[in-house]
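Now for the letters of each chain:
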Amino acid sequence: PNEDVTWETSEQLDLGLDARFLSGRLSLNFDWYNKKTKDLLIVAPILDSYGTNAPYINGGDIRNTGVEISLDWTDNVGDFSYSIKGNMSYNRNEVLSIDNDQGFINGTSNILTHNTTYLARAEVGQPLGFFHGYKTDGIFQNQEQIDAYIWTDPETGATQKIMPDAQPGDVIFKDLNNNGVIDDGDKTFIGDPHPDVTYGLSITLGYKGFDFAVTGYGVAGNQIAKSYRNNTNTTFDNYTTEILGRWHGEGTSNRYPRLGNSAMIAEHVTDIDIENGDYLRIQNMTLGYDFKRLWKNCPLSQLRLYVSVQNLYTFTGFEGYDPEVGMTGIYSGGYPRLRKWTFGADFTF
């Protein structure tokens, strides 16, 4: 155990405003914060030869800065009443310091799938746990394209193939550090699991016994790492229908490579596995009617029948079942959310 480890500490400055306008019909809540967490608790990155169960250490500082805003408008026009509520929060997460010589700490391997390198990294100047991997530039369509992907030595003018062992159908990796080979120096930021914006909206309507309500929420500005592909990439594995868009001949695909380990994505984390995680989910929608309006002599003070649906629809470009994957940003192909219909009655005596 590390006898020098201490608790994390946080300092936060928070400025807020609560106000009501127009005879109370409009409500505003505004909040700005700047939070710094010091002595971040992390597991020490050590060599496997040191043994198991690495100790916790105080490994760095993190800052979260953001704004939260909510607006609420409530009014009525004759027999028609309505309420519209919206909220939005923006947060920026940044690692301020890492207590080692490199200025970063890599996450564990085998996260995206078996035998893959690490996926997440903590690095100064970047959001905590951002996705770190290779950027790609399409798929090699033929041998001529492989031969033309060359690097020129700025001093001698000599040229060499950047990916000499590639085959048609393989991924084109970008040589970001411009050294003529694909290595760890070409890895870079390929995604952030933290949303820039989280938001919600609710609308409530009422008219002569009818009531209607809808609520929704969503996020924007984050990325999701897809973690359900098999690392072997053979022709006898189960896949999603994405595999139908794989490369299987010149001109067939410029995104998904051919099947086979030699396609160089079996062990590497690339932007092919990263998708935008933006979504808007219609969480609940309810329509009801109070039959007390029709049955004037009803002994009940309320006789309301209603129908409600949960998880009505999710607007998203994400190709998986559900873009709501949590703070890790990793999607492992879990069971999709169910759409639930409810028919009910409210009796008030």
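Peer 1: When you look at the environment of K161 in this model, what are you seeing that I'm missing?
Peer 2: Summarising the element assignment, K161 is placed in strand β12 (residues 159–161). It is 47 Å that separates the C-alpha atoms of K161 and K36, two residues lying 125 residues apart in sequence. A polar side-chain atom of K161 sits 2.7 Å from a polar atom in the side chain of D147.

Peer 1: Honestly, a nonpolar patch on the surface in this entry has me stumped. Any pointers?
Peer 2: On the surface, a cluster of nonpolar side chains totalling about 490 Å² of accessible area is made up of V77, F80, Y207, F210 and L287. A residue is classified by how much of its surface remains accessible, and V77, at 55% relative accessible area, is exposed.

Peer 1: Help me understand unusual backbone geometry, please; the structure alone is not making it clear to me.
Peer 2: Peptide bonds are, in most cases, trans, and in most cases residues other than glycine have a negative phi. The phi dihedral of L22 falls on the positive side, at around 50°, and the residue is not glycine. Structurally, the position occupied by L22 is in the loop between β1 (9–21) and β2 (26–38). Of note in this structure, S23 is not a glycine but carries a positive phi near 60°. Of the residues examined, S23 reaches a relative accessible area of 80% and is grouped as exposed.

Peer 1: Explain the pairing of strand β20 (residues 302–316) here, please?
Peer 2: Put simply, side chains in a regular strand alternate between the two faces of the sheet. Sheet analysis places strand β19 (residues 279–290) next to β20, joined by 11 bridges and oriented antiparallel. Within β20, the residue paired with N284 across the bridge is Q310.

Peer 1: Could you clarify how one ought to interpret the environment of L244 in this entry?
Peer 2: Tracing the backbone shows L244 in the loop between β17 (223–226) and β18 (274–276). Taking the C-alpha atoms as reference points, L244 and S89, 155 residues apart in sequence, are found 39 Å from one another.

Peer 1: In this structure, what is going on with the sheet that holds strand β8 (residues 120–123)? I would like to understand it.
Peer 2: As a general point, the strands of a sheet are linked pairwise by backbone hydrogen bonds and lie either parallel or antiparallel. Reading across from one edge, β7-β8-β9-β14 is the order of the four strands in this open sheet, with antiparallel pairing throughout. Two strands close off the open sheet at either side, each with one partner strand: β7 (104–106) and β14 (188–191). With strand direction ignored, the average angle separating the axes of adjacent strands in the sheet is 45°. Where strand β9 (residues 130–133) and β14 come together, three bridges link them in antiparallel fashion. The partner of F131 across the bridge, within β14, is G191.

Peer 1: Could you clarify how one ought to interpret the nonpolar core in this entry?
Peer 2: Across soluble globular proteins, nonpolar side chains have a tendency to be buried as a group. Counting residues in each nonpolar core, the largest one holds 15 residues, and the members touching the most others are F140, Y149, I162, M163, A166, V171 and F173. By residue number, the principal contributor to this core is strand β13 (residues 171–173), which donates three residues. Once residues within four sequence positions are removed from consideration, F140 is found in contact with Q145, I146, Y149, M163, A166, Q167, P168, G169, D170, V171, I172 and W247.

Peer 1: Just checking my understanding: could you explain the sheet that holds strand β5 (residues 60–77) for this structure?
Peer 2: On the basis of which strands lie adjacent, the open sheet formed by nine strands has the order β1-β2-β5-β6-β15-β16-β19-β20-β22 and antiparallel pairing. Of all the strands in the sheet, the pair left with one neighbour each is β1 and β22 (340–348). On average, each strand axis in the sheet is tilted by 10° relative to the strand beside it, whichever way the strands run. Here β20 pairs with β22 via nine bridges, running antiparallel. Across the sheet, the residue bridging to V307 is F343, located in β22.

Peer 1: Where do I start with the pattern of salt bridges in this structure?
Peer 2: In a structure, side chains of opposite charge can pair up when their charged atoms sit close to one another. Tallying each qualifying case throughout the model produces 19 salt bridges. For R63, the salt bridge is made with E94, and the minimal N-O distance between the two is 3.4 Å. Taken together, the residues span a long stretch of sequence, with R63 in strand β5 and E94 in strand β6 (residues 80–98) at a distance of 31 residues. For R63, a relative accessible area of 31% gives the class partly exposed. Taking relative accessible area as the criterion, E94 reaches 16% and is therefore assigned buried. Through salt bridges with shared partners, a single network forms among K226, E242, R255, E275 and E319.

Criteria and thresholds
- Residues numbered from 1 in each chain as written.
- Predicted model: local features only at pLDDT ≥ 70, side-chain atom pairs only at ≥ 80, totals over all residues.
- Heavy atoms only, no water.
- Helix = DSSP H or I, 4+ residues; strand = E, 2+ residues; numbered from the N terminus.
- Polar contact = N/O pair within 3.5 Å; in protein donor to acceptor, adjacent residues only side chain to side chain.
- Patch = residues over 30% accessible without salt bridge, like charges linked within 9 Å, V, L, I, M, F, W, Y side chains within 5 Å.
- Areas by Shrake-Rupley, 256 points an atom, 1.4 Å probe, with all protein chains shown as cover.
- Salt bridge = Lys/Arg side-chain N within 4 Å of Asp/Glu carboxyl O.
- Buried < 20%, exposed > 50% of the residue type's maximum accessible area, 1.4 Å probe, protein only.
- Pairing = 2+ DSSP bridges.
- Axes fitted to C-alpha atoms, helices over the stretch in contact; angles between N-to-C directions.
- Core = buried A, V, L, I, M, F, W, Y, C linked by side-chain atoms within 4.5 Å.
- Contact = heavy atoms within 4.5 Å.

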